Amino acid sequence: MTAPPPIYLDYAATTPCDPRVVDAMVPWLSEHFGNPSSRSHAWGWQAQEAVEHARGQVAALIGADPREIVWTSGATESNNLAIVGAARCRAARGRHVVTVATEHQAVLDPVRALGKQGFEATVLPVQGNGLLDLDRLRDALRPDTVLASVMLVNNEIGVVQDVAAIGRLCRERGILLHVDAAQATGKVGIDWAAWPVDLMSLTAHKSYGPKGIGALVVRREPRVPVEPLLHGGGQERGLRPGTLPTHQIVGMGAAFALAGAEMAVERERIRALRDRLLRGLSAIGGLVVNGDLERRVPHNLNVAFAGVDGEALLTGCTGLALSSGSACASGSAAPSHVLRALGCSDELAHASLRITIGRFTTEAEIDAALLMLRAQAARRREPMTHLE
Ligand SMILES: *Cc1c(COP(=O)(O)O)cnc(C)c1O
């Protein structure tokens with residue numbers, strides 16, 4: 001007998017494809033395999049139509065014009081294209097960029113790369129609740145600032161930044177704002193039409209679509225010039241050349257259509273599960289929740305228990321698939337830079353667990369997870385007792 005697979009509570013790392021998404025994708029692999037750029041026959045026309053339909057679906061979720069959607073391989077590539085591509089276009093105006101200490105590495109690394117190209121970066125701290133202090137942002141903006149990058153939903157602690165207010169500060173000063181929204185689609189409403197945001201990164205695989213496909217949303221009015229990072233066949237108006245992966249694109253479109261249709265109901269269901277989880281975790285005692293609990297998506301709880309080593313807790317819970325406060329540094333033992341930015345000690349960061357809930361999480365799974373966590377926490381806290 002093999003052990004059952006662990007209960008999946010790591011939806012912020014990736015989500016399974018929704019079976020409805022898989023069904024939508026399959027015909028575009030071997031049946032309708034044409035190259036969307038083939039202009040001279042039906043195979044190409046049909047694929048192109050599917051790509052444009054999906055572009056409309058992605059645009060509709062956020063209220064964008066389909067012509068503002070540029071397909072990429074995911075949020076990492078979108079972030080690179082937005083940050084490096086837009087900053088380079090504006091280098092004549094200034095060479096200062098601003099970002100935040102709690103950003104994903106896929107933002108911090110391209111910002112660092114700009115540093116090697118003659119740019120200067122300010123990495124702003126956050127408040128203890130994980131939110132950016134707008135006064136600090138205002139003070140950091142300079143006449144030579146050309147770009148700011150602030151994420152919408154944090155991948156480790158789930159807090160939601162006020163990107164509309166941040167965008168207003170930037171817009172008044174002629175500074176571009178890029179938003180990494182990889183964790184936001186299907187979790188919070190996005191109002192691209194109303195928000196003063198110039199560039200937005202999206203990905204499919206955090207929202208029940210396939211891995212390896214994403215988009216960069218590039219505002220048309222006022223138009224945001226972006227220099228391509230790749231050079232090739234001219235697809236995506238030259239901004240991101242390469243043969244379009246029709247099946248992946250169709251999958252992202254289907255996933256985002258479902259996200260839009262089901263977000264409101266799903267969010268309340270997940271909030272109820274989160275509240276159940278939070279009540280159960282509180283009963284363990286010594287509970288610390290990292291990041292603001294109100295300005296946060298209900299899909300995320302990042303917690304520690306006073307006097308309990310989270311890494312040991314996780315090792316004991318072989319029946320649970322979740323992340324620890326040090327898992328995000330690609331397997332290294334370094335404490336999470338996000339938790340450190342909140343002011344957590346290395347010890348607390350190491351002791352923290354990220355529990356993320358999603359579309360396929362059930363109440364029974366939450367209860368089973370609570371049983372395991374409760375039993376393990378009791379053991380880790382009092383290593384000398386063997387009463388359970
Ligand atoms: C997952 C994630 C990324 C990377 O996205 P990929 O599509 O896997 O490249 C970037 N930013 C955030 C906030 C993420 O959660």
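For the structure, see preceding data.
**A word on the nonpolar core**
Here is step 1 of the chain: By size, the foremost hydrophobic cluster in this structure holds 62 residues, and its most contacted members are W71, L152, M200, L202 and M252.
Here is step 2 of the chain: Here this core takes seven residues from helix α7 (residues 246-282), the largest share from any one element.
Here is step 3 of the chain: Once residues lying within four places of it in the same chain are set aside, the contact partners of M200 are H178, V179, A181, I190, W192, W195, A215, L216 and V217.
Here is step 4 of the chain: Listed in part, the 25 residues of the second largest apolar core include L9, I284, A369 and L370.

**Focus on the packing of aromatic side chains**
Aromatic rings in a pair are described by how distant their centres are and how their planes are angled relative to each other.
Here is step 1 of the chain: A complete count under the given rule lists four aromatic pairs for this structure.
Here is step 2 of the chain: Seen from their ring centres, Y8 and Y11 are 5.2 Å apart, and the 70° between their planes marks the pair as edge-to-face.
Here is step 3 of the chain: Here Y11 falls in the buried class, since its relative accessible area comes to 6%.
Here is step 4 of the chain: Look at F33 and W43: their rings are 4.9 Å apart centre to centre, the planes differ by 25°, and that puts the pair in the stacked class. Remark: W43 occurs in helix α2 (residues 42-62) and F33 occurs in the loop between α1 (19-25) and α2; sequence separation between them is 10 residues.

**Some details on the site of the ligand**
Here is step 1 of the chain: The local shell around the ligand consists of G74, A75, T76, H104, M151, N155, D180, A182, Q183, T203, H205 and K206.
Here is step 2 of the chain: Here A75 contributes a backbone N or O atom positioned 2.9 Å from an oxygen atom of the ligand.
Here is step 3 of the chain: Side-chain polar atom of T203 to an oxygen atom of the ligand: 2.6 Å apart, as the coordinates give it.
Here is step 4 of the chain: Computed on the free molecule, the ligand has an accessible area of 380 Å², of which 88% lies beneath the protein chains in the complex.
Here is step 5 of the chain: Tallied by class, the residues present in the shell around the ligand amount to three nonpolar, seven polar and two charged.

**Describing the side chain of H178**
Here is step 1 of the chain: For H178, the location among the structural elements is in strand β6 (residues 176-180).
Here is step 2 of the chain: At a separation of 2.8 Å, a polar atom in the side chain of H178 contacts the side chain of S149.
Here is step 3 of the chain: Within polar-contact distance, the side chain of H178 engages the side chain of S201 at 2.8 Å.

**Quick notes on the pattern of salt bridges**
Here is step 1 of the chain: The tally for this structure, following the rule as stated, stands at 21 salt bridges.
Here is step 2 of the chain: The residue E77 makes a salt bridge to R240 at a minimum N-O spacing of 2.6 Å. In this pair, E77 is assigned in helix α3 (residues 75-89) and R240 in the loop between β8 (214-218) and α7, connecting sequence segments 163 residues apart. Comparing E77 with R240, the two get one shared label, buried.
Here is step 3 of the chain: Here E266 and R359 are joined by a salt bridge, their closest N and O atoms 2.7 Å apart. Placement of E266 in helix α7 and of R359 in the loop between β13 (353-356) and α11 (363-381) is noted, with a sequence separation of 93 residues between them. The two residues E266 and R359 agree in class, both being buried.
Here is step 4 of the chain: Three or more residues joined by partner-sharing salt bridges are found here, namely D18, R20, E262, E266 and R359.

**Some thoughts on the pairing of β13**
Two faces make up the sheet, and in a regular strand the side chains alternate between them.
Here is step 1 of the chain: The two faces of β13 match: L353 and I355 on one face and R354 and T356 on the other face are all buried.
Here is step 2 of the chain: As paired elements, strand β12 (residues 323-324) and β13 share two bridges and run antiparallel to each other. Residue pairing for β13: S324 is matched across the bridge by L353.

**Regarding the sheet that holds strand β7 (residues 199-203)**
Here is step 1 of the chain: Spatial strand order, β2-β8-β7-β6-β5-β3-β4: seven strands in an open sheet with mixed pairing. Each edge of the open sheet is held by one strand with a lone partner, namely β2 (69-72) and β4 (120-124). Direction aside, neighbouring strands of the sheet carry axes that sit 20° apart on average.
Here is step 2 of the chain: Examined bridge by bridge, β2 and β8 share four bridges and lie antiparallel to one another. If you follow V70 over to β8, its bridge partner there is L216.
Here is step 3 of the chain: Where α2 meets the sheet, its contacts fall on β2, β7 and β8, and the angle it forms with β2 comes to roughly 115°.
Here is step 4 of the chain: Sitting on the sheet, α3 touches β2, β3 (96-100), β5 (145-149), β6, β7 and β8, and the angle it makes with β7 is about 165°.

**A look at the pairing of β3**
Here is step 1 of the chain: Summarising burial for β3: five of the five residues are buried, a large majority.
Here is step 2 of the chain: Burial along β3 is two-sided: the residues H96, V98 and V100 and V97 and T99 are all buried.
Here is step 3 of the chain: As paired elements, β3 and β4 share five bridges and run parallel to each other. Following the sheet pairing, H96 is matched in β4 by E120.
Here is step 4 of the chain: What joins β3 to β4 is helix α4 (residues 105-115), and the crossover it makes is right-handed.

**What to know about the packing of α2 against α7**
Here is step 1 of the chain: One can describe the packing of α2 onto α7 by two numbers: an axis separation of 8 Å at closest approach and a directional angle of 30°. In terms of orientation, α2 lies roughly parallel with respect to α7. Handedness of the α2/α7 crossing: left-handed. On the side of α2, the interface is formed by A47, A50, V51, A54, Q57, V58 and L61, while α7 contributes T246, I249, V250, M252, G253, A254, F256, A257, A259 and G260.
Here is step 2 of the chain: Partitioning the contact of α2 with α7 into residue classes produces 13 nonpolar, four polar and no charged.

Parameters at a glance
Note on numbering: residues in each chain are counted from 1, in written sequence order. In keeping with the model being predicted, local features are shown solely for residues with a pLDDT of at least 70 and side-chain atom pairs are shown and tallied solely at 80 or more, while totals for entire chains, interfaces and linings include all residues. The basis for every side-chain value is the complete set of heavy atoms in the structure, and neither hydrogens nor water enter the calculation. In plain words, nonpolar cores are sets of buried Ala, Val, Leu, Ile, Met, Phe, Trp, Tyr and Cys residues tied together by side-chain atoms within 4.5 Å. For every residue, the accessible area obtained with a 1.4 Å probe (protein chains only) is divided by the maximum for its type, and the residue is called buried under 20%, exposed over 50%, and partly exposed between those limits. Strands are runs of DSSP state E lasting at least two residues, helices are runs of H or I lasting at least four, and both sets are numbered from the N terminus onward. Contacts were defined at the residue level, with two residues in contact if any of their heavy atoms lie within 4.5 Å. When the centres of two rings from Phe, Tyr and Trp lie within 6.5 Å, Trp using its six-membered ring, the rings pair. Their planes under 30 degrees apart give stacked, over 60 give edge-to-face, and anything left gives tilted. For this description, a residue counts as near a given molecule or strand if any of its non-hydrogen atoms is within 4 Å of it. Distance and chemistry together define a polar contact, namely a pair of N or O atoms within 3.5 Å, with one atom able to donate a hydrogen and the other to accept it when in protein, and with adjacent residues in sequence counting only for side-chain atoms on both sides. Methods summary: accessible areas were calculated by the Shrake-Rupley approach with a probe of 1.4 Å, and residue burial reflects only the protein chains presented. Classification used: nonpolar for Ala, Val, Leu, Ile, Met, Phe, Trp, Tyr, Cys and Pro, charged for Asp, Glu, Lys and Arg, polar for all others including Gly. Salt bridge, as applied in this entry: a Lys or Arg side-chain nitrogen positioned within 4 Å of an Asp or Glu carboxyl oxygen. Pairing between two strands is assigned when DSSP locates at least 2 bridges connecting them. Where helices are involved, their axes are fitted lines through C-alpha atoms of the stretch in contact, as for all axes, and angles between N-to-C directions lie from 0 to 180°. The crossover handedness rule: strands pointing away from the viewer, path from first strand over the helix to second strand clockwise, crossover right-handed. Here the word oblique covers every angle except those under 35 degrees (roughly parallel), over 145 (roughly antiparallel) and from 65 to 115 (roughly perpendicular). Crossing handedness is defined as follows: a turn of the near helix away from the far one that is anticlockwise and smaller than a right angle gives a left-handed crossing, while the clockwise case is right-handed.

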